[in-house]
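Remarks on the overall topology
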Amino acid sequence: MALFGDRYMWRQYAILLTDFVCSISSGFLLAFPSVLNPAILSPNSTDIKATSAQASSIAGSQGLAGAAGLVLLPFCMNSIGRKSVHIVINFVMGFGFLIFSLATNILYLYAGRIIQGVILSGVYVTSIMVAEYSDPTRRGYFITIKKGSVALGSLTCHLMGIYCTWRQCAIFAIFPNLLAIIMTLYWPESPSYLAMKGRYKECEKSHKWLFGENSEQMKNLEDIIAAQRERRSREKNKNPLRTTITKMFKKDYVIPFVVVSLLTIIIDCSGRYYMNAYIGQILTEMIDKKSVANYFALGSDTLGIIALICSCFIIKMFGRRQNLFGFGAVCVMLMYLISILTYLKSNYPQIVFGLLPPIVILVNVFIVNVGIIPTCFTIVGEIFPLEHKSSGIFTTGIVFNLFYAAVLKFTPLMIEYGGIQVTFAVFATINLICFLILYFILIETKDKTLQEIENELKGIKSPCSNEQLLMEHQKN
């Protein structure tokens, strides 16, 4: 009865449901090249045609277009708030799919992909939003559920790709965005954003609506407001540009920046994006039968969803570091194993069972989605202090967009010229280096409020007292 009587939990779930719907379209966005590319590359196509170089450039152009979004989204996050930014993200994504559905030549395909690339950094923004709107004890599995909806969108896109045209897939992907826009209109503004802007009365009202008025939540509210009062007092009468540049050399900015950048690279190299976009090409290369490869691709999506459901419990039971490094070690070993098996299958086919490499790929998909992806995005959503969130999105977004564009551009070319064995060996080595660096700098964030994480990065002992904040102010 207590579960059903907890109206604050259901209010947080309502926020999550909105982002869940939005993330279904995000899954279509990530998987769309797997539907589009085979169609435009087919010599029998009666629709738009493209070369392999053009097809990979269309996929990669989304990452390069994210440069515009790096200016737009952080500015909007700071100026118009989280609620409005969520509406903008859904509108732009849906508009991109509308362009795809109406495309008459290859320039329209570039336009649709580039327009959607503008909000590509929204992959971080929405994780930050979910973190701000959820209780610390629910934050981990809330962000995991969000990633599950992305996997559901990818599965739906791959499944529709077997029976529907890429235009029909694009039309279908618009509707979750429209629904998410309507649902977002009923959100309150984020308490963290309101506190940052000095709108403390509105912050208190929003915080109480979302989290209630018990003593623990009221203490969290006091900490948030006290920290933002101190920050605003410290920055008063200072040059904004100089202040921003100075912040970027502080420990509580540098460590989150390095952590998020490395997590971004791990997400890319583990297959979050290239597996969605090129799973068909990878499996066809291994199996040599497109029909069998299609079923393996659907199996990959299904395993991803099952893994993300399991991860809701795993991320609640174990710490962020335990999950990241435990599953990360298994992932790196599996990627090296895929490389070795693929090499042996190509050169010594008699000693390797034909379906063994793709089976190992499916196991790796499960490991990545059960531990690495949800943990990475959870940390991304909670690691940056509130005052650094906008500039953090900008700088780490540069890393994300460049690496995302490079991975989508060069993965098919690496497969074509170096083979799957080289591709997976390269990605495994990059992951290994990133995990080794993170082992020494990543702090544990599980079950801590965002203010407690911020205090730890600044070296302030929790709970955050006014005396400690005064000392921090005097040091700066």
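Before any of the text, the structure's been laid out above.
This write-up is about the structure you can find in this document. None of these values were measured; they are calculated from a predicted model.

Some remarks on the packing of aromatic side chains
Think of a pair of aromatic rings as described by two things: how far the centres are apart, and how the planes are tilted against each other in angle. Applying the stated criterion to the full structure yields 17 aromatic pairs. On the numbers, 5.4 Å between centres and 80 degrees between planes, the contact of Y141 with F142 is edge-to-face. Residue classification places Y141 among the buried positions, given a relative accessible area of 14%. Grouped by ring-pair contacts, the aromatic residues W10, Y13, Y141 and F142 constitute a single cluster. Above the face of the Y200 ring, R229 is positioned so that its terminal group lies 4.2 Å from the ring centre. Over the ring of Y439 we find R321; its NZ or CZ atom is 5.2 Å from the centre of that ring.

Digging into unusual backbone geometry
At D447, a residue that is not glycine, the phi angle is positive and equals roughly 60 degrees. By the element assignment, D447 lies in the loop between helix 18 (389–441) and helix 19 (450–458). Classification of D447 by relative accessible area gives partly exposed; the value is 42%.

As for the pattern of salt bridges
Within this structure, the stated rule accounts for eleven salt bridges. Of the charged contacts, one joins K208 and E204 as a salt bridge, the two residues approaching to 2.8 Å between their closest N and O atoms. Taken together, the residues span about one helical turn, with K208 and E204 both in helix 10 (residues 200–211) at a distance of four residues. Among the salt bridges present, the one from K448 reaches E456, with a minimum N-O distance of 2.5 Å. Put simply, R139, R320 and E382 are held in one network by salt bridges that share partners.

What counts and what doesn't
- Residues numbered from 1 in each chain as written.
- Predicted model: local features only at pLDDT ≥ 70, side-chain atom pairs only at ≥ 80, totals over all residues.
- Heavy atoms only, no water.
- Phe/Tyr/Trp six-rings, centres within 6.5 Å; stacked < 30°, edge-to-face > 60°.
- Buried < 20%, exposed > 50% of the residue type's maximum accessible area, 1.4 Å probe, protein only.
- Lys NZ or Arg CZ within 6 Å of the ring centre and 35° of its normal.
- Helix = DSSP H or I, 4+ residues; strand = E, 2+ residues; numbered from the N terminus.
- Salt bridge = Lys/Arg side-chain N within 4 Å of Asp/Glu carboxyl O.

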